[in-house]
Amino acid sequence: MPARPLEIGPAGIRAARTIEILRTERGFSQRQLAGRVTALGHPMSNTMLSRIERAQRRCDVDDLIAIAEALHVSAPVLLRGRPAA
């Protein structure tokens, strides 16, 4: 029996959306942000980042911390999401 894929819960979906919002607010392409994450020592392709933002790939703790650092925010900011305007 093949392994069942892990579902992405509400916090993961919120983090994915927040990553995309912050990335675009800062004027980074997915390729640029993935490059910044990689430069911090956490290899990430733009395809991986795209899948995280579309909630097609789980964002593990190491991904979350590296992305937060590359965006100059704390990891909890990504988990809480952006407040509604």
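Values in this document were obtained by computation on a predicted structure and should not be read as measured data.

This part covers the packing of helix H2 (residues 30-39) against helix H4 (residues 61-71). As a packed pair, H2 and H4 sit with axes 9 Å apart at the nearest point and diverge in direction by 110 degrees. By the angle between their axes, H2 is roughly perpendicular relative to H4. Here H2 contributes Leu33, Arg36 and Val37 to the contact with H4, which in turn contributes Ala66, Ile67, Ala70 and Leu71. Residues that form the contact of H2 with H4 fall into these classes: 6 nonpolar, no polar and 1 charged.

This part covers the environment of Ser29. Its location among the elements puts Ser29 in the loop between helix H1 (10-25) and H2. For the pair Ser29 and Asn46, spaced 17 residues apart in sequence, the C-alpha to C-alpha distance is 8.8 Å.

Now for H1. Given a rise of 1.5 Å per residue, 16 residues ought to cover 22 Å, and the 22 Å separating the end C-alpha atoms of H1 matches this to within 8%. All of the buried residues along H1 are Ala15, Ala16, Thr18, Ile19, Leu22 and Arg23. Where H1 is buried, its residues meet H2, helix H3 (46-53), H4 and helix H5 (75-80). Once H1 ends, the next one or two residues include Gly27, with phi positive near 80 degrees.

Here we come to the pattern of salt bridges. A full pass over the atoms with the stated rule returns 3 salt bridges. In this structure, Arg17 engages Glu20 in a salt bridge whose closest nitrogen and oxygen atoms are separated by 3.0 Å. Highlighted residues: Arg17 and Glu20, both in helix H1, separated by 3 residues, approximately one helical turn. Arg17 gets classed as partly exposed once you look at its relative accessible area, which sits at 46%. Looking at Glu20, the relative accessible area reads 27%, which means it is partly exposed.

Another point: the confidence of the model for the protein chain. In the predicted model, the protein chain carries a mean pLDDT of 92, and 89% of its residues have values of at least 70. When pLDDT is averaged over each helix and strand of the protein chain, the minimum, 94, is found for H5 and the maximum, 98, for H2.

What counts and what doesn't
Residue numbers here run from 1 along each chain, matching the order of that chain's written sequence. A pLDDT threshold of at least 70 governs which residues receive local features in this predicted model, and a stricter bar of 80 or more applies before side-chain atom pairs are shown or counted, although totals over entire chains, interfaces and linings include all residues. Computation of side-chain values: all heavy atoms of the structure, hydrogens and water removed. Axis definition: a line fitted to C-alpha atoms, limited for helices to the stretch in contact. Angles are taken between N-to-C directions and run from 0 to 180 degrees. Per the convention used, a helix needs a DSSP run of H or I reaching at least four residues, while a strand needs a run of E reaching at least two, with both numbered from the N terminus. Should an angle fall under 35 degrees it is called roughly parallel, over 145 degrees roughly antiparallel, and 65 to 115 degrees roughly perpendicular, with every other angle called oblique. Contact between two residues is taken to exist if any of their heavy atoms lie within 4.5 Å; hydrogens are not considered. Polar here means any residue outside two lists: the nonpolar Ala, Val, Leu, Ile, Met, Phe, Trp, Tyr, Cys and Pro, and the charged Asp, Glu, Lys and Arg; Gly therefore counts as polar. In this scheme, a helix's expected span is set at 1.5 Å multiplied by one less than its residue total. Each residue gets one of three labels from its accessible area relative to the maximum for its type: buried under 20%, exposed over 50%, partly exposed in between, using a 1.4 Å probe on protein chains only. Each reported salt bridge corresponds to a side-chain nitrogen of Lys or Arg within 4 Å of a carboxyl oxygen of Asp or Glu. Per residue, pLDDT captures the predictor's confidence, and it can take any value from 0 to 100.

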